[in-house]
Amino acid sequence: MQYYQVSFFTIHFTIGGRARRRITTLMIFSILSASLRTASASQGQWKSASRLLKRKTTKNIEAFVSALPNTLAIRTREDSFSSTSQGHHDKLATRSSLSCNGCRLDICSRRFMTSLSGIDETFAIDEHNWKNHPSLTETIYLPTIIVPSEHLHSMLSQGNQKGILVPFLATKMKELENIHPRLKVVQDLDRLGADEEILSNIEKNYNGGSLKAILLDPYGVYGEQKQTPMASPVEVGTIGSIETLSKAFPKMSDHIIHELVAKSVRQGPIIPIKVTYEQQTIQNILEKLLPRHVHPAPTGFEQIGHVIHLNLKSHHEPYKTLIGSVILDRLSPKVKTVVNKIGEVSGPYRVYDMDLLAGSPDTTVQLNEDGVSLEFDLKKVYWCTRLSGERKRLLEEIQPGDVVADAFCGAGAFVVQAATKLGCTVYANDLNPDAVRYCRENAKRNLKRFNGGVSHGEGEGVQFKPRVEVTCGDAFDFIQNLGTFETLPHHVVMNFPLESASFLGALRWWPVQKNMQVVPTIHLYTFARGDDPDEVYEDDMAPRDALEVAVDLVAEGLVPEGGAIKATRYRRSFLNKLSCDVKAREVRDVAPGKVVICVSFKVTDTLLRIMQGDFVDF
């Protein structure tokens, strides 16, 4: 789509100080043509030109342009463009004066910024040239109001009694709400960039203290008028009367106008505010660059060290390099690589393929999570930043000096934190040899700080010597071998939502001990969906939510029903009869209706006996 600027103009063609003709026109400017040049000079041709505009077709508009006086050239002060992808037009206002052959031309306009559909695209956007796209540089013309400095606080107060100008501030504009740095609505007069004649007139008409300019929202003060009421250069800066301010700001109430007059407020000049792509958010830039049929633009991504990880939808795929280039540009230098996830997490190592969209191909990241430093290759090790909060919450359930086992340790984020913060002895395992290597390196690097042990308690407290042992193997064997240790672990973490429950059978080989010194707690993570609420069940019980479905998955992993025709539901009570003290909570959403649930339960001697086939009367 090629961008055009559409403007509604009211033109006063004046000879000898008297207005002879008034024509309201619709003029279309290409981004490649910032001026209109005319073809004849007689006043009679203004009449014929005005007739052409009764039907505002493209052909008639072109004919109108050719019918204007040839001595007149109208040049836009600066081209500005905006996409209509967000379903609205950007409305701007300006006034300019031109003279030619003794004639004065006053143009009072309200500009509507838009794009015209049905025109061949001439700007081919790609990852290399997108910064030059005209839609990314906008000039917004803002009305101003000149206020004595002593009245600023009362007019702009954001307290319980808001200042009278707060609803009209330029920062209320949608076009300016997400730019960075934020627009300063209060500005010194010498920084407005206004005409020197206007500034001189302002200062000449005020003999008191200092003055400040407040930038206003044109929507708020003008409303939806197609023509913006503007003051002449002589009127700008003079102390406002009720009549002049009411005319200048028609959307302000009479009460506000009277208060402004009482405080010697005056109308200021209209000033241009240029907004470049560097000031805009990633989403705003992408909304302007991407075709409308793929809106909304992608908004969510995960930052892992210097890498941005996207999970683009299929309709965004054709524009993936453009998207990657925009993200890299706006987030550099901290971000050096942008990748897109291909497919799902799969395979025994729980990794996924990724496509490089922009930047360096290096995916070995270094990051800090809650005080510990980690390093790993995203292509070789599973990682989820969103689980950082869950790891922190889980640590709160662990006591200093506890023995902890992690059957699916990955790069070792939880392992290292349990050891360094709580002085735990941690036994870790993963089937992925790369994950095991990174876990060992991360543990070694972080534990160097704790050679003297970790202290807990008042004063010097109790010293715990942290220790980490990492093995590479099958999680079933790892869990089974925990039963051969002199002391069972206090906590076992099983964070493999796809298949965690299938490894619970390994507990069957743990020794049964009466009066167990340590009653281990298992923290198992699994995917779950609630039952279909419309389905009718033979047990006449209500459909289960995702929490109860997850508990039943755990119960089936511990004590299978042996091929029962109908699986038993709501087995939490069965496990609690074995003193398992089952707790379940939702961790995060992964898909509509599908969530990750953490089920925690105790491994009691009664549970172990049941798992080993003893008939226990409970």
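Scroll up for the structure.
Keep in mind that this is a model prediction, so the values were computed, not measured. (Residues numbered from 1 in each chain as written. Predicted model: local features only at pLDDT ≥ 70, side-chain atom pairs only at ≥ 80, totals over all residues. Heavy atoms only, no water.)

A. Up close: the overall build of the chain. Along the backbone of the chain there are 16 helices and 27 strands. Of the contacts made within the chain by residues no fewer than 6 positions apart, 68% connect residues no fewer than 24 positions apart. With an accessible surface of roughly 30,100 Å², the chain has 50% of that area assigned to carbon and sulfur atoms. (Helix = DSSP H or I, 4+ residues; strand = E, 2+ residues; numbered from the N terminus. Contact = heavy atoms within 4.5 Å. Areas by Shrake-Rupley, 256 points an atom, 1.4 Å probe, with all protein chains shown as cover.)

B. Quick look at helix α10 (residues 388–395). Looking at α10, one finds that the buried residues are Glu390, Arg391, Leu394 and Leu395. Angularly, the buried residues of α10 cover 140° about the axis, an arc narrow enough to put them on a single face. Against the buried residues of α10 lie β17 (364–369), α11 (413–422), β24 (491–495), β25 (521–529), β26 (583–591) and β27 (594–602). (Buried < 20%, exposed > 50% of the residue type's maximum accessible area, 1.4 Å probe, protein only. Arc of directions from axis to C-beta.)

C. Region of interest: the pattern of salt bridges. Counted by the stated rule, this structure contains 20 salt bridges. For aspartate 188, the salt bridge is made with lysine 212, and the minimal N-O distance between the two is 2.2 Å. Taken together, the positions of aspartate 188 in strand β9 (residues 186–188) and lysine 212 in strand β10 (residues 211–215) put the pair 24 residues apart, joining distant regions of the chain. The class of aspartate 188 is partly exposed, set by a relative accessible area of 30%. (Salt bridge = Lys/Arg side-chain N within 4 Å of Asp/Glu carboxyl O.)

D. Examining the environment of leucine 142 more closely. Within the secondary structure, leucine 142 sits in strand β7 (residues 138–142). Between the C-alpha atoms of leucine 142 and isoleucine 214, which are 72 residues apart in sequence, the distance is 9.8 Å. If we ignore the near neighbours within four places in the chain, the residues touching leucine 142 are Ala170, Met173, Leu176, Leu183, Leu215, Leu216, Pro218, Pro269, Ile270, Ile271 and Ile273.

E. Spatial organisation of the pairing of β26. Taken together, the seven bridges between β26 and β27 define a ladder with antiparallel strand orientation. Counterpart to aspartate 589 in the pairing with β27 is valine 595. (Pairing = 2+ DSSP bridges.)

F. Layout of the sheet that holds strand β14 (residues 307–310). Taking strand neighbours across the sheet as the criterion, the four strands line up as β13-β14-β15-β16 in an open arrangement whose pairing is mixed. Looking at which strands have only one partner, the edges of the open sheet turn out to be β13 (302–304) and β16 (351–359). Ignoring which end each strand starts from, the neighbouring axes of this sheet average 30° apart. In the packing of helix α9 (residues 320–331) onto the sheet, contacts are made with β14, β15 (337–346) and β16, and the angle to β16 comes to roughly 70°. (Axes fitted to C-alpha atoms, helices over the stretch in contact; angles between N-to-C directions.)

G. Quick look at the nonpolar core. Formed by 43 residues in total, the largest nonpolar core has its most connected members in Ile479, Met494, Leu507, Trp510, Leu558, Phe601 and Leu607. Among the secondary structure elements, those contributing two or more residues to this core are β19 (403–406), α13 (475–482), β24, β25, α14 (546–558), β27 and α16 (605–611). The greatest single-element share of this core, amounting to seven residues, is contributed by α14. Excluding anything up to four places from it in sequence, isoleucine 479 contacts Ala407, Met494, Phe503, Ala506, Leu507 and Trp510. (Core = buried A, V, L, I, M, F, W, Y, C linked by side-chain atoms within 4.5 Å.)

H. Structural context of the environment of valine 372. Assignment of secondary structure puts valine 372 in strand β18 (residues 372–377). It is 8.0 Å that separates the C-alpha atoms of valine 372 and alanine 413, two residues lying 41 residues apart in sequence. Apart from residues no more than four positions distant in its own chain, valine 372 is found in contact with Leu367, Val416, Gln417, Thr420, Asn446 and Arg449.

I. Broad picture of the packing of α10 against α11. At a minimum axis separation of 10 Å, α10 and α11 run at an interaxial angle of 40°. As the angle between them shows, α10 and α11 are arranged oblique. α10 and α11 meet at a crossing whose hand is right-handed. Taken together, the residues of α11 that come into contact with α10 (itself represented by Arg391, Leu394 and Leu395) are Ala413, Phe414, Gln417, Ala418 and Leu422. Here the contact of α10 with α11 is built from residues that sort into six nonpolar, one polar and one charged. (Parallel < 35°, antiparallel > 145°, perpendicular 65-115°, else oblique. Left-handed = near helix turned anticlockwise from the far one by under 90°. Nonpolar A, V, L, I, M, F, W, Y, C, P; charged D, E, K, R; others polar.)

J. Fine view of the packing of aromatic side chains. Tallied over the full model, the rule gives six aromatic pairs. Between tryptophan 130 and tyrosine 277, the aromatic rings sit 5.2 Å apart at their centres with planes inclined by 80°, giving edge-to-face as the arrangement. With tryptophan 130 in the loop between β6 (103–115) and β7 and tyrosine 277 in the loop between β12 (271–275) and α8 (282–289), this pair connects stretches of sequence that are 147 residues apart. Comparing tryptophan 130 with tyrosine 277, the two get one shared label, buried. Linked through ring pairs, Phe408, Phe496 and Phe503 together constitute an aromatic cluster. Over the ring of tyrosine 352 we find lysine 341; its NZ or CZ atom is 5.5 Å from the centre of that ring. Seen from the ring of tryptophan 383, arginine 391 lies directly overhead, with NZ or CZ sitting 4.7 Å from the centre. (Phe/Tyr/Trp six-rings, centres within 6.5 Å; stacked < 30°, edge-to-face > 60°. Lys NZ or Arg CZ within 6 Å of the ring centre and 35° of its normal.)

K. Spotlight on the packing of α8 against α9. Taken N-terminus to C-terminus, the directions of α8 and α9 make an angle of 150°; their axes are 10 Å apart at the nearest point. The orientation of α8 with respect to α9, classified from their angle, is roughly antiparallel. As α8 runs across α9, the sense of the crossing is right-handed. Residues Ile282, Ile285, Leu286 and Leu289 of α8 pack against Leu322, Ile323, Val326, Ile327, Arg330 and Leu331 of α9. Broken down by class, the residue content of the contact of α8 with α9 amounts to nine nonpolar, no polar and one charged.

L. Molecular detail of unusual backbone geometry. Here the amide bond leading from histidine 295 into proline 296 is cis, since omega sits at 0°, within 30 degrees of zero. For proline 296, the location among the structural elements is in the loop between α8 and β13. Between serine 332 and the following residue, proline 333, the backbone shows a cis peptide bond with an omega angle of 10°. Structurally, proline 333 is set in the loop between α9 and β15. The phi dihedral of serine 264 falls on the positive side, at around 60°, and the residue is not glycine. In this structure serine 264 comes out as partly exposed when scored by relative accessible area, which is 25%. With a phi angle near 65°, serine 579 is a residue other than glycine that sits in the positive phi range. Within the fold, serine 579 resides in the loop between α15 (572–577) and β26.

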